[in-house]
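Read off the chains here:
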Amino acid sequence: MNNAPITNPDHGLWAELEHYVEQGWLRALDLALARWLAQQVPSTPESVLLAAVLTSHQLGRGHICLDLAALLEDPDTLLSLPPAGRKADSRPADWLAGLTLAQWQATLAEAEVVDTEEAGTAPLVLDGQRLYLRRFHRFESQVARSLLARQALRFELPDDVQARLAALFDPLKDESERAGQTPHWQSIAAALAARSALAVISGGPGTGKTTTVVRLLALLQALKQDEQRAQGLEPTGLRIRLAAPTGKAAARLSESLAATLGDIGEGKVAGVEAGVAKVIPTDVSTLHRLLGARPDSRFFRHNADNPLHLDLLVVDEASMVDLEMMAALLAALPPRARLILLGDKDQLASVEAGAVLGDLCRYAGEPRYQADTRGFLFRATGYDLDAFQGPGSDIEQQIVMLRKSHRFGADSGIGTLARAVNAGSASEAKSVWPRFGDITQLQPASVSDAALRLLVLEGQAEGLEGTPKGYRHYLEVLSQGLDDNGCGPEQDAWARAVLNAFGEFQLLCAVREGEWGVSGMNERVSTILAKAGLIQSDAPWYAGRPVMMMRNDYGLGLMNGDIGLCLPFADDMGQPVLRVVFPMPDGSLKRVLPSRLTEVETVFAMTVHKSQGSEFAHTAMVLPADPNPVLTRELVYTGITRARRWFTLVAPRPALLDSAIRQRTQRASGLGERLK
């Protein structure tokens with residue numbers, strides 16, 4: 001590696017990098033950054049410019065920074081360059097040949113375009129062996145400081161907190177938990193959340209996160225109202241807001257809360273007074289709506305200078321929250337507001353850069369509670385947690401993992417398969433398939449395979465028991481509601497029924513491109529449905545077309561990831577006119593003219609990433625036919641756990657499942673170290 005400055009735009013390194021951009025292996029943006037740095041400071045050494053390109057490349061792949069030491073150990077693998085199965089005359093290992101870590105760090109530290117501490121204005125920041133774009137170094141520092149400050153903020157609890165917790169959570173306990181032999185982690189989570197301004201509750205599907213938070217909010221509202229009464233104030237309680245990263249996730253949480261609080265209001269929930277239903281909200285907004293997103297801007301209306309008007313914020317599906325969004329969210333919280341993060345640490349990290357929940361919860365599976373934490377929990381819950389003692393960091397004391405699934409028991413293939421995948425055991429996962437009737441595999445020879453057609457149309461596959469549905473189901477519900485002119489009723493009931501039927505089945509793809517990716521599968525499904533006479537896909541918009549928003553549209557109030565269905569309604573003359581119907585987080589339906597939707601894609605198939613925050617009765621996950629770096633344990637686990645009742649794996653090359661299970665997602669970040 002030559003450390004001299006690059007003065008010639010036709011320099012060999014530029015030419016090699018340009019070739020990677022032309023192939024689509026690097027982004028034009030990555031190379032543009034290096035060119036800009038060279039223009040600003042022409043004396044910038046070649047190794048610094050290359051580091052900038054690679055830092056930008058890694059950011060685009062979800063990494064907060066470039067780990068220089070890890071890069072030098074195995075450049076091609078770390079960068080996934082060239083992509084699997086592709087060849088190039090030069091590789092990253094060639095570009096970095098002869099460069100040592102100490103030499104690279106010294107060159108970077110001396111460069112005018114690099115700072116070595118948080119203060120400064122240089123576009124790059126070197127922090128130990130990690131190189132950042134300045135903006136993301138700032139985000140990481142801000143998130144760490146804010147989380148640490150919030151977890152240190154303690155609230156005084158009354159002497160009867162154990163009795164209050166017992167009244168709320170005893171009805172949920174099994175015999176072993178009531179006897180104190182096994183910790184009841186939902187009670188423990190509530191106790192920790194009650195004492196601090198920060199709580200992180202992680203758990204897989206069906207482990208009771210929503211149930212826990214409802215009872216926790218009941219406890220906190222009662223404590224606040226008692227405090228207000230003692231001060232002679234009106235017992236209005238806490239100002240509570242609920243949020244999730246996407247509209248779909250927000251709608252799911254809102255629906256779940258409404259059902260639970262409805263039962264509470266009718267006195268059907270043991271341990272919770274009916275009046276609690278009146279003091280816990282069911283309105284859940286997206287994080288963008290909560291913060292007040294501004295069109296064509298990365299900034300929000302609510303920030304440190306204009307904080308949110310709340311006392312407590314619950315964020316569901318926190319694994320989907322990227323570093324930049326978390327920084328904005330924490331900045332907008334009032335200093336003494338409580339923050340409760342709910343999520344599944346084992347799911348895929350956010351689409352954008354960072355893995356905040358993963359960094360927070362890296363030791364959650366084996367808690368390391370300090371002596372004072374264990375003492376507090378014994379007094380508050382009666383549970384002796386000496387088996388979970390250890391030198392955990394301060395922030396670990398506010399993190400709880402819920403372990404018992406109430407949805408997927410021992411008789412659930414979905415749950416058993418998800419646990420095997422999560423454990424990284426390909427052999428155990430392989431043994432699960434024949435033992436259960438709610439999971440199965442297809443190994444189609446091509447996208448024209450009859451078994452794949454049957455799956456798409458009917459949801460049927462060999463090995464599945466019961467009556468799973470395919471896409472024919474929602475299209476028949478649609479057609480059965482039409483009048484003689486082909487128009488659906490104006491009332492929302494029919495549109496809701498079609499939307500609910502669409503949610504019975506969903507194809508998920510690991511990758512976007514290729515015949516086994518989102519683009520190819522959407523085309524294939526459209527062909528299958530058209531040949532079956534279920535859709536008329538010869539026009540861009542047709543009745544039954546499902547679409548996903550690919551960008552936020554603040555004018556329409558629709559966010560990236562929102563899903564709608566194109567449905568026919570009657571115009572003033574009784575003739576059919578198409579509208580796209582979107583379910584909104586508040587439970588309402590929004591109808592939009594197709595012509596107003598410019599950034600949407602057909603979504604018979606979506607990526608596993610885009611499915612986060614959603615659940616489907618029957619989920620079919622499609623793996624590609626060739627190796628791909630996105631095939632990881634977290635992706636497979638996330639795809640499996642989108643299924644409520646049935647799961648089908650479509651694997652044209654079954655061996656790729658084994659390698660995916662063994663491959664963990666690793667996102668470079670310094671957040672975990674900052675939180676120690």
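Bear in mind that the values here come from a model prediction, so they are computed numbers and not experimental data.

What about the overall build of the protein chain?
Counting its secondary structure elements, the protein chain contains 27 helices and 20 strands. Computed over the C-alpha atoms, the radius of gyration of the protein chain is 26 Å, within 12% of the 26 Å expected from 2.2 N^0.38 for a compact globule of 676 residues. The C-alpha extent of the protein chain, read off along each of the three principal axes, is 75 × 65 × 55 Å. In the protein chain, buried positions account for 55% of the 676 residues. Pairs at least 24 apart in sequence give 72% of the contacts found in the protein chain among residues at least 6 apart. Accessible surface computed for the protein chain: about 28200 Å², of which carbon and sulfur atoms make up 48%. When the 68 basic and 80 acidic side-chain charges of the protein chain are each reduced to a single mean position, those positions are 3 Å apart.

Focus on unusual backbone geometry
The amide bond that connects Leu 81 to the next residue, Pro 82, takes the cis arrangement and shows omega of -15°. Along the chain, the position of Pro 82 falls in the loop between helix H5 (75-79) and helix H6 (92-95). Even without glycine at this site, Ser 80 takes up a positive phi of about 55°. Along the chain, the position of Ser 80 falls in the loop between H5 and H6.

Considering the UniProt feature "domain: RecBCD enzyme subunit RecD N-terminal" (unreviewed entry) in the protein chain
Summarizing the sequence annotation, UniProt attributes the feature "domain: RecBCD enzyme subunit RecD N-terminal" (unreviewed entry) to residues 22-132 in the numbering used throughout. As annotated, residues 22-132 has a helix share of 49% and a strand share of 10%, and its two end C-alpha atoms lie 25 Å apart.

Observations concerning the UniProt feature "domain: UvrD-like helicase C-terminal" (unreviewed entry) in the protein chain
Mapped onto this structure's residue numbering, the UniProt feature "domain: UvrD-like helicase C-terminal" (unreviewed entry) falls at residues 603-650. Each end of residues 603-650 is marked by a C-alpha atom, and these two atoms are 17 Å apart; helix forms 25% of the span and strand 38%.

Describing the side chain of Thr 44
Mapped onto the fold, Thr 44 is located in the loop between helix H2 (28-40) and helix H3 (46-60). Looking at Thr 44, the relative accessible area reads 3%, which means it is buried. Reaching out from Thr 44, the side chain makes a polar contact with the backbone oxygen of Val 41 at a distance of 2.7 Å.

Things to note about the confidence of the model for the protein chain
Here the protein chain averages 89 in pLDDT, while 98% of its residues score no lower than 70. Counting interchain partners and residues more than four positions distant, the pLDDT-below-50 stretch residues 6-10 has 10 contacts.

Some thoughts on the layout of surface pockets
One number sums up the size of the second largest pocket: a volume of about 1200 Å³. Taken together, 42 residues make up the lining of the second largest pocket; nearest its centre are Ala 251, Arg 252, Leu 253, Glu 255 and Arg 644. If one sorts the elements of the lining of the second largest pocket by residue count, helix H13 (residues 247-265) sits on top with 8 residues. Lining the lining of the second largest pocket are residues from two domains, each supplying at least three of them: domain 2 (143-407) and domain 3 (413-662).

So, the nonpolar core
If you look at the biggest cluster of nonpolar residues, it comprises 83 residues, and the most contacted ones within it are Leu 108, Val 114, Leu 131, Leu 313 and Leu 360. Three or more residues apiece are contributed to this core by two domains, here domain 1 (13-128) and domain 2 (143-407). When near neighbours in sequence (up to four residues on either side) are disregarded, Leu 131 contacts Ala 51, Thr 55, Cys 65, Leu 66, Leu 68, Leu 108, Val 114, Leu 124, Val 125 and Leu 126.

Here we look at helix H11 (residues 185-195)
Of all 11 residues making up H11, 11 are buried, and the element is well covered by its neighbours. Those residues of H11 that fall on the buried side of the exposure criterion are Trp 185, Gln 186, Ser 187, Ile 188, Ala 189, Ala 190, Ala 191, Leu 192, Ala 193, Ala 194 and Arg 195. Close packing links the buried residues of H11 with helix H9 (161-169), strand E5 (198-203), helix H12 (209-230), strand E9 (338-343), helix H17 (371-381) and strand E10 (399-402).

Some remarks on the sheet that holds strand E6 (residues 240-244)
With respect to topology, 6 strands assemble into an open sheet ordered E7-E6-E8-E9-E5-E10, the strand pairing being parallel. Each end of this open sheet is capped by a strand with a single partner; those strands are strand E7 (284-286) and E10. Averaged over neighbouring strand pairs, the angle between their axes works out to 20° when direction is ignored. Bridging between E6 and strand E8 (residues 312-315) involves 4 bridges; their strand directions are parallel. Following the sheet pairing, Ala 243 is matched in E8 by Val 315. Packed onto the sheet, H11 meets E5, E9 and E10 and runs at close to 160° relative to E10.

Considerations on the packing of aromatic side chains
On inspection of all chains with the given rule, the structure shows 11 aromatic pairs. Consider the rings of Phe 136 and Phe 139, whose centres lie 5.4 Å apart with planes at 85°: the pair is edge-to-face. Here Phe 136 pairs with Phe 139, and both are found in helix H8 (residues 134-152), just 3 residues apart, close to one helical turn. The two residues Phe 136 and Phe 139 agree in class, both being buried. The rings of Tyr 471, Tyr 474, Phe 502, Phe 505 and Phe 604 are connected pair by pair, giving a single aromatic cluster. Over the aromatic face of Phe 155 sits the side chain of Arg 338, whose NZ or CZ is 3.9 Å from the ring centroid.

What to know about the sheet that holds strand E18 (residues 605-607)
Pairing is parallel in the open sheet, where 5 strands are placed in the order E11-E20-E19-E12-E18. Both outer strands of the open sheet, strand E11 (439-442) and E18, are each paired with one neighbouring strand and no more. Neighbour to neighbour, the strand axes of the sheet diverge by 30° on average, direction disregarded. Sheet analysis places E11 next to strand E20 (residues 643-650), joined by 4 bridges and oriented parallel.

A closer look at the side chain of Arg 642
Relative to the helices and strands, Arg 642 resides in the loop between helix H25 (633-640) and E20. No salt bridge is formed by the buried Arg 642; its nearest oppositely charged neighbour, Glu 317, is found at 4.8 Å. The contact partners of Arg 642, leaving out residues within four places of it in the chain, are Gln 347, Leu 508, Ser 611, Gly 613, Ser 614, Glu 615, Phe 616 and Thr 619.

Details of the state of the cysteines
Evaluated as defined, the whole model comprises 0 disulfides. Note on Cys 65: no disulfide assigned, nearest cysteine sulfur contributed by Cys 361 at a separation of 19 Å. Under the relative-accessibility criterion, Cys 65 is labelled buried at 1%.

Rules behind the numbers
- Residues numbered from 1 in each chain as written.
- Predicted model: local features only at pLDDT ≥ 70, side-chain atom pairs only at ≥ 80, totals over all residues.
- Heavy atoms only, no water.
- Helix = DSSP H or I, 4+ residues; strand = E, 2+ residues; numbered from the N terminus.
- Rg over C-alpha atoms; globule rule 2.2 N^0.38 Å.
- Buried < 20%, exposed > 50% of the residue type's maximum accessible area, 1.4 Å probe, protein only.
- Contact = heavy atoms within 4.5 Å.
- Areas by Shrake-Rupley, 256 points an atom, 1.4 Å probe, with all protein chains shown as cover.
- Lys, Arg positive; Asp, Glu negative; His and termini not counted.
- Charge placed at Lys NZ, Arg CZ, Asp CG, Glu CD.
- UniProt positions renumbered as here; feature names shortened; annotations may be inferred.
- Polar contact = N/O pair within 3.5 Å; in protein donor to acceptor, adjacent residues only side chain to side chain.
- pLDDT = per-residue confidence, 0-100.
- 1 Å grid on protein atoms, 1.4 Å probe; cavity = no way out; pocket = protein on both sides within 12 Å on 5 of 7 lines; lining within 4 Å.
- Points joined across faces, edges and corners; volume = space filled by probe spheres on them.
- Domains from an automatic or database assignment.
- Core = buried A, V, L, I, M, F, W, Y, C linked by side-chain atoms within 4.5 Å.
- Pairing = 2+ DSSP bridges.
- Axes fitted to C-alpha atoms, helices over the stretch in contact; angles between N-to-C directions.
- Phe/Tyr/Trp six-rings, centres within 6.5 Å; stacked < 30°, edge-to-face > 60°.
- Lys NZ or Arg CZ within 6 Å of the ring centre and 35° of its normal.
- Salt bridge = Lys/Arg side-chain N within 4 Å of Asp/Glu carboxyl O.
- Disulfide = S-S within 2.5 Å.

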